[in-house]
Amino acid sequence: RKWTVFEFAIQRFITKRLVRRLTDAKVAYAPAAGSLVESFQTVLSTLAHLGSEASFVEAAFSAGTAMVPKLSSGIAILPRDKCTLKALDLALSVLELARNNYKRDMLSAFSACIAADGKVEVSEMELLRVISDALGCPMPPVC
């Protein structure tokens, strides 16, 4: 009864894209997940925990925070149990309301986070596609 990242991606895409188009209205959600910084922290923490070995999680998180110093001041990686798909969904709902220059910078940070350990897993790429779609930005190259 646990969702995979792929199932989360499909559900989010259907809810946020197809349902909106079919009903010709926005799906109602309350962006009560917190501020832009808290939401950035949630997404970055989730990505760091997702693909990294336990010993490399901090380094992956730091690689992301180094890309966006204006959002990274005073944030720390969240514990793994706080990085749920529900928390991620709420955080993405907040981040999609951000200004475009923030979106671009955050997406670069998320890419740096998943590439920090030198390997990119399928689940990380799936999640980055979901994030890209939520932000309305093209998928960045991940090296």
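From a predicted model like this one, the values you see are computed outputs, not experimental measurements.

Parameters at a glance
Residues numbered from 1 in each chain as written. Predicted model: local features only at pLDDT ≥ 70, side-chain atom pairs only at ≥ 80, totals over all residues. Heavy atoms only, no water. Helix = DSSP H or I, 4+ residues; strand = E, 2+ residues; numbered from the N terminus. Expected span 1.5 Å × (residues − 1). Buried < 20%, exposed > 50% of the residue type's maximum accessible area, 1.4 Å probe, protein only. Contact = heavy atoms within 4.5 Å. Phe/Tyr/Trp six-rings, centres within 6.5 Å; stacked < 30°, edge-to-face > 60°. Lys NZ or Arg CZ within 6 Å of the ring centre and 35° of its normal. Core = buried A, V, L, I, M, F, W, Y, C linked by side-chain atoms within 4.5 Å. Patch = residues over 30% accessible without salt bridge, like charges linked within 9 Å, V, L, I, M, F, W, Y side chains within 5 Å. Areas by Shrake-Rupley, 256 points an atom, 1.4 Å probe, with all protein chains shown as cover. Salt bridge = Lys/Arg side-chain N within 4 Å of Asp/Glu carboxyl O.

**Quick look at the environment of Lys16**
Inspection of the secondary structure puts Lys16 in helix H1 (residues 5-23). Once the C-alpha coordinates of Lys16 and Ala134 are considered, the two residues, 118 residues apart in sequence, prove to be 8.2 Å apart.

**Thoughts on helix H6 (residues 100-115)**
Under the 1.5 Å per step criterion, the end-to-end length of H6 is 23 Å for 16 residues, consistent within 8% with the ideal 22 Å. Those residues of H6 not exposed but buried are Tyr102, Lys103, Met106, Leu107, Ala109, Phe110, Ser111, Cys113, Ile114 and Ala115. In this structure, the buried side of H6 is in contact with helix H2 (36-51), helix H3 (57-65), helix H4 (69-72), helix H5 (85-95) and helix H7 (122-135).

**Quick notes on the packing of aromatic side chains**
Under the criterion given, the structure shown has one aromatic pair. For the cation-ring pair, Lys70 lies above Tyr102, with the distance from its terminal atom to the ring centre recorded as 5.1 Å.

**Quick word on the nonpolar core**
In terms of nonpolar packing, the biggest core is built from 34 residues, with Phe40, Val43, Leu47, Leu92, Met106, Phe110 and Ile131 touching the most fellow members. Of all the elements in the fold, those that place two or more residues in this core are H1, H2, H3, H5, H6 and H7. The biggest single contributor to this core is H6, with seven residues. Look past the residues within four positions of Leu92 in its chain and what remains in contact with it is Arg12, Val43, Val130, Ile131 and Ala134.

**Structural notes on a nonpolar patch on the surface**
Together, Phe6, Ile10, Phe13 and Ile14 line one region of the surface with nonpolar side chains, adding up to about 350 Å² of accessible area. With respect to the helices and strands, Ile10 occurs in helix H1. A relative accessible area of 38% places Ile10 in the partly exposed class.

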